[in-house]
Number of protein chains: 2
Amino acid sequence: MMNITIADLARITGLAKSTVSGVLNNKSGFSEKTRAKVLEAAEKHGYVPNEIARGLTSKFTKTIGLVIKDITNPFYNRITKGVQEVANEHGYTVFLCSSGENHMVEVTQVTAMVGKRVDGLIIAPLLEGVDFDHIYELKRKKIPFTLLGSIPGLTCDYVQFDDYNGSIQVTNHLIANGHKKIGFVTGQRTSRASKLRFQGFKDAMMASGLSLSEEHVFHEAKHLEDGVDVGNQLIAMKDRPTALICFDDVIAMGVIKACESAGLKIPEDLSLVGFDDIELMIFPLTSVSIPTYDAGKLLAKILFERIFEEEVAEYRQVTLDEKLVVRSSVKSLH
Amino acid sequence: MMNITIADLARITGLAKSTVSGVLNNKSGFSEKTRAKVLEAAEKHGYVPNEIARGLTSKFTKTIGLVIKDITNPFYNRITKGVQEVANEHGYTVFLCSSGENHMVEVTQVTAMVGKRVDGLIIAPLLEGVDFDHIYELKRKKIPFTLLGSIPGLTCDYVQFDDYNGSIQVTNHLIANGHKKIGFVTGQRTSRASKLRFQGFKDAMMASGLSLSEEHVFHEAKHLEDGVDVGNQLIAMKDRPTALICFDDVIAMGVIKACESAGLKIPEDLSLVGFDDIELMIFPLTSVSIPTYDAGKLLAKILFERIFEEEVAEYRQVTLDEKLVVRSSVKSLH
DNA sequence: TTGTAGGCGTTATCAA
DNA sequence: TTGATAACGCCTACAA
């Protein structure tokens, strides 16, 4: 069961622990003979340095933590992919926690990662209706972290998307196509993104003198199934909106699924748009593209700068643009 | 920067390190007064035990590693979700490595995880055309691990899918619907699943006295884009197959995408089937369903049994069934 | 060029 | 009921 240690190697080669350690760490000042002897023994016995013992002394565990909401969602797995790649480039391993939108899991896992002395954390926190004690604690402990999204009043590194503007863009696109009765499907209550998108939507409507009816807004959609529900409600509705904005493409997929099986045509009978512009979408859905993969890489890049920095640099606070990608899920009413 | 330690707590409370440690670990035999003093101090200073130091003594790091090929693929992120959930139930944290089908990354990351003394590993290894030294090394070191898929000649815990039979099922389904010219899109060369599915396909064809033409098999599709390529080739083809079996649903999506934009109708002009039965699929694709989420949970369950077991138990070797889900992407030629 | 000693934060053992 | 000490595996000084 036991992994071989430096002490074992020392015993085997008849050298001192420090000598073995020195050779293994490529320090200079050892004879070729000792060097060879150590390396050979290490190789032969499959020695893998105990990083965790090493981490005790050396300040770095070469590990970062990543906390997201749902690994199953393309939005988050693209971010994960970006983070992972940059981490690998730095020789780092990443702890993954998919909180499933459960705040307690998020807190527990962050604490566990702190316990495991990660060198830094990337967190896509639940941003609404929860407390941020675990995040503040990170700052207090001076543990490097960077956030996806910002927390009002917390000065730290973060990357966020301009959800408000993205939402204004789609909404205006619909309005420009003559839509007046526009519905909206919000995401999780704990999602800042959802709040901003909804706000952008309302503001854009208002700015065009359009009003929205309460029946046309659907709340708290999370999974594809919720989208199907919304679709079914829509189908059963007498006074249907002519267009619907979905919190994300996954929800939109659900709506499409429901509509297709009910014979409701998109965009003929209903115009539909979403957010994320996910790849796994064969339907020509007009969507707001979000640079998730790039964001993942950027989050990691910023985190590593913070981890390796000598003097405390300015906090990096980046807002990434969202871009409307027009396809053919919106009907022109003109 | 520094996290508070037990020694700090000892100094603060005026107690001995061992006393503090004892209280913190809920050992019996301490006065209520000491107990309270320690707990209060710990709380006040936000003490988080250094798991990595703890791991030095206690044999367990409460960490497992998970190595998959592509976190972006629904197949793997469902598995990841299952693993994650079971790990969390046990209070474990999981290291994630998405190798990107790169064998060197897989080997490097496994080694890194071993270095970090994970209590166990779940690996979905590249299974064809590569060496398994890193896996054998695990066994030699008696580090618990469970595999997704089996390695011939290696006795270990594993969970695998019956890809061969799944493939036979779809192929026969197509044949039963009167298809004779059936094409096939293989996955990565390093994928055992791909090999088995292809073999199942060929055997089923053979068993029905059907032959396959080389032009109708497309190799090494990996991403959605590759599916699009295949679709485009198909469109340009004179002697097109009447049906196409794709290595997975993502590839099938690509084919659908290509066909839709070229005006080729499915199933009217081409019957199409895939594997995985992914959720994010609005097209009514007939597909071979694979219990990925359950497999993830099972993999983790088996791993934890192995980690916590007292005596060495039998190796668990499970083959999970694949099940054909018929929708409407196959046209009946009768 | 190599060896000895001490420390990192924790737990376990044994003594007080 | 509490405290001192060693040990886990490694690294860094410093001494030989």
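Computed from a predicted structure; not experimentally measured.

Draft legend 1. A look at the protein's contact with DNA strand C. In the neighbourhood of DNA strand C, 25 residues make up the surrounding shell, with Ser-18 and Thr-34 of chain A together with Ile-6, Tyr-47 and Arg-54 of chain B lying closest. Backbone atoms, meaning sugar and phosphate, form 66% of the atoms of DNA strand C found within 4 Å of the protein. A distance of 2.8 Å is found between a phosphate oxygen of DNA strand C and a side-chain nitrogen or oxygen belonging to Ser-21 of chain B. For the surface near DNA strand C, the secondary structure elements donating two or more residues are helix 2 (17-24) and helix 4 (51-58) of chain A together with helix 2 (17-24) and helix 4 (51-58) of chain B. Of all the elements, helix 4 of chain B adds the most residues to the surface near DNA strand C, at 4 residues. Taken together, the residues that form the surface near DNA strand C break down as 9 nonpolar, 13 polar and 3 charged.

Draft legend 2. Highlighting the interface of chain A and chain B. The interface of chain A with chain B comprises 60 residues on the first partner and 59 residues on the second. For the pair chain A and chain B, the summed buried surface comes to about 5,200 Å²; carbon and sulfur atoms form 59% of the total. Three residues, Ile-52, Leu-280 and Ile-282 of chain A, lead the burial of chain A against chain B; their summed loss comes to 15% of the area buried on that side. Between the two partners, chain A and chain B, sit 16 residue pairs in polar contact (both at pLDDT 80 or more). Across the side of chain A that touches chain B, the residue classes break down as 28 nonpolar, 17 polar and 15 charged. Where strand 2 (residues 93-98) of chain A meets strand 2 (residues 93-98) of chain B, 3 bridges bridge the pair, whose relative direction is antiparallel. Looking at the pairing, Phe-95 of chain A lines up with Phe-95 of chain B of strand 2 of chain B.

Draft legend 3. Structural context of the domain arrangement of chain A. Residues and elements named next belong to chain A. Taken domain by domain, chain A comprises domain 1 (6-44), domain 2 (63-161 + 292-321) and domain 3 (163-290). Here the C-alpha centroids of domain 2 and domain 3 sit 29 Å apart. Tallying the contact residues gives 16 residues for domain 2 and 15 residues for domain 3. When the area that domain 2 buries against domain 3 is broken down by residue, the three leading residues are Glu-101, Glu-128 and Phe-161, summing to 43%. The tally of links between domain 2 and domain 3 comes to 2 salt bridges. Where Glu-128 meets Arg-192, a salt bridge forms, and the shortest distance between an N and an O atom there is 2.6 Å. If you look at where domain 2 meets domain 3, you find 10 residue pairs in polar contact (both at pLDDT 80 or more). Of the residues assigned to the side of domain 2 that touches domain 3, the class counts are 7 nonpolar, 4 polar and 5 charged.

Cut-offs used in this document
Residues numbered from 1 in each chain as written. Chains lettered and ligands numbered in written order. Predicted model: local features only at pLDDT ≥ 70, side-chain atom pairs only at ≥ 80, totals over all residues. Heavy atoms only, no water. Near = heavy atom within 4 Å. Polar contact = N/O pair within 3.5 Å; in protein donor to acceptor, adjacent residues only side chain to side chain. Helix = DSSP H or I, 4+ residues; strand = E, 2+ residues; numbered from the N terminus. Nonpolar A, V, L, I, M, F, W, Y, C, P; charged D, E, K, R; others polar. Contact = heavy atoms within 4.5 Å. Buried area = accessible area lost by both parts, 1.4 Å probe. Pairing = 2+ DSSP bridges. Domains from an automatic or database assignment. Salt bridge = Lys/Arg side-chain N within 4 Å of Asp/Glu carboxyl O.

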